[in-house]
Amino acid sequence: IRSIYNKIIKFIVKIKKRFSYLYLRELMTSYIDKFFSEPGNMIIKGLVIGDSKSFTLDFASDLRINGTSHLFAISGAHVNIITYFLIKVFARSKYQDKIVSSLLIIYLFLTNFLPSVLRAVIMYLLHILNKKYQLHFKTLDLLAIAFILMIIINPFYFLNLSFQLSFIVTAIIILLASLIKDKSSLIQTVIISTAAVIATLPI
């Protein structure tokens, strides 16, 4: 194949150089590949930036067989964990909100604007604005605003499975939170998980 390419391609001329946000993602994948070998590099890329394209056919097949492929689907829960960690780290900084927001936006670029990640980041930014300017929006209002913004950004998000599941599950959690706040953590988890499964079953 290389010999064929050598016969077809005589020379390459670089006509322009410009920065792309995808370069950040490439830097991250290159860094992981440099310090980790297979299958460790594939697992880390899948868990950290949601990159499953580098999975070998055997590895992807094994994930499907043992039912763990969902662990490599970056969701809003990943962003919530990262946000919680960052808030704790920068708890004493007066620029906490700005630092956390900036790092989440960078993470958004690293994950290539996955719908579930974009939804979580937009909601966090809206939460910060809501608190700073005392807009008195409820969490469900922020979810609705995030929905509208994402549809404006890309109307085809509406057909994306990750987008649908992210908003449905988040809406269920928000609606049930006030109703079961007096229950134990175990009962809350069971109720929310059951409701989420029932609501997303048709999808």
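Preceding this section is the structure that the text describes.
**Q** Help me understand the overall build of the protein chain, please; the structure alone is not making it clear to me.
**A** Helix and strand content of the protein chain: ten helices and zero strands. Mapped from its N terminus to its C terminus, the protein chain presents α and β elements in the order α-α-α-α-α-α-α-α-α-α. For the protein chain, the spread of C-alpha atoms along the principal axes amounts to about 70 × 45 × 35 Å. The proportion of buried residues among the 203 residues of the protein chain is 28%. Accessible area of the protein chain: about 14600 Å², with a carbon and sulfur share of 66%. Here the protein chain contributes 22 positively and 9 negatively charged side chains, and the mean placements of these two sets differ by 11 Å.

**Q** Can you walk me through the packing of helix 5 (residues 76-89) against helix 6 (residues 96-110) in this structure?
**A** Helix-helix packing is characterised by the crossing angle of the two axes and by the distance between the axes. Helix 6 packs onto helix 5 with a crossing angle of 145° between their chain directions and a minimal axis gap of 10 Å. Note on packing geometry: the crossing formed by helix 5 with helix 6 is right-handed. From helix 5, Val79, Ile82, Thr83, Leu86 and Ile87 reach across to helix 6, where they touch Gln96, Val100, Leu103, Leu104 and Tyr107.

**Q** I tried to follow helix 6 on my own but got confused; where do I start?
**A** At 3.6 residues per turn, the α-helix brings residues three or four places apart onto the same side. For helix 6, which comprises 15 residues, the first-to-last C-alpha distance of 21 Å matches the rise-based estimate of 21 Å (1.5 Å per residue) to within 8%. Of the positions making up helix 6, those classed as buried are Gln96, Val100, Ser101, Leu104, Tyr107, Leu108 and Leu110. Those residues of helix 6 that are buried are in contact with helix 2 (22-35), helix 3 (40-49), helix 5 and helix 7 (115-132). Asn112 occupies a position one or two residues after helix 6 and carries a positive phi of about 60°.

**Q** Hey, could you run me through the pattern of salt bridges in this one?
**A** Side chains bearing opposite charge may pair, as long as their charged atoms lie close to each other. Tallied over the full model, the rule gives three salt bridges. Salt-bridge contacts for Asp33 lead to Lys45; the nearest nitrogen and oxygen are separated by 3.0 Å. Taken together, the positions of Asp33 in helix 2 and Lys45 in helix 3 put the pair twelve residues apart, joining distant regions of the chain. What makes Asp33 partly exposed here is its relative accessible area of 36%.

**Q** Can you walk me through the nonpolar core in this structure?
**A** What tends to happen in soluble globular proteins is that the nonpolar side chains get buried as a cluster. Counting 25 residues, the largest nonpolar core has Val79, Leu104, Val117 and Met150 as the members making the most contacts within it. At the level of secondary structure, the elements contributing two or more residues to this core comprise helix 5, helix 6, helix 7, helix 8 (139-153) and helix 9 (161-177). Counting residues per element, this core draws most heavily on helix 7, which supplies nine residues. Leave out the neighbours within four places in its chain, and Val117 touches Ile74, Val79, Tyr107, Leu108 and Thr111. Listed in part, the six residues of the second largest apolar core include Met42, Phe59, Leu63 and Phe72.

**Q** Would you explain the environment of Ser69 in this entry?
**A** Here Ser69 is to be found in the loop between helix 4 (57-66) and helix 5. It is 14 Å that separates the C-alpha atoms of Ser69 and Ser162, two residues lying 93 residues apart in sequence.

**Q** Honestly, the packing of helix 7 against helix 8 in this entry has me stumped. Any pointers?
**A** As a packed pair, helix 7 and helix 8 sit with axes 9 Å apart at the nearest point and diverge in direction by 125°. Taken as axis vectors, helix 7 and helix 8 run oblique relative to one another. The element helix 7 and its partner helix 8 pack so that their crossing is right-handed. Along its contact with helix 7, which presents Pro115, Leu118, Arg119, Ile122, Met123, Leu126, His127 and Asn130, the element helix 8 presents Thr139, Leu142, Leu143, Ile145, Ala146, Leu149 and Met150. A class-by-class count of the residues in the contact of helix 7 with helix 8 yields eleven nonpolar, three polar and one charged.

**Q** Please clarify how helix 8 should be interpreted in this entry.
**A** For helix 8, which comprises 15 residues, the first-to-last C-alpha distance of 21 Å matches the rise-based estimate of 21 Å (1.5 Å per residue) to within 8%. For helix 8, the set of buried residues is Leu142, Leu143, Ala146 and Met150. Seen end-on, helix 8 carries its buried residues on one side only, within an arc spanning 100°.

What counts, and where the lines are drawn
- Residues numbered from 1 in each chain as written.
- Predicted model: local features only at pLDDT ≥ 70, side-chain atom pairs only at ≥ 80, totals over all residues.
- Heavy atoms only, no water.
- Helix = DSSP H or I, 4+ residues; strand = E, 2+ residues; numbered from the N terminus.
- Buried < 20%, exposed > 50% of the residue type's maximum accessible area, 1.4 Å probe, protein only.
- Areas by Shrake-Rupley, 256 points an atom, 1.4 Å probe, with all protein chains shown as cover.
- Lys, Arg positive; Asp, Glu negative; His and termini not counted.
- Charge placed at Lys NZ, Arg CZ, Asp CG, Glu CD.
- Axes fitted to C-alpha atoms, helices over the stretch in contact; angles between N-to-C directions.
- Left-handed = near helix turned anticlockwise from the far one by under 90°.
- Contact = heavy atoms within 4.5 Å.
- Expected span 1.5 Å × (residues − 1).
- Salt bridge = Lys/Arg side-chain N within 4 Å of Asp/Glu carboxyl O.
- Core = buried A, V, L, I, M, F, W, Y, C linked by side-chain atoms within 4.5 Å.
- Parallel < 35°, antiparallel > 145°, perpendicular 65-115°, else oblique.
- Nonpolar A, V, L, I, M, F, W, Y, C, P; charged D, E, K, R; others polar.
- Arc of directions from axis to C-beta.

By themselves, these observations are geometric and do not establish any function.
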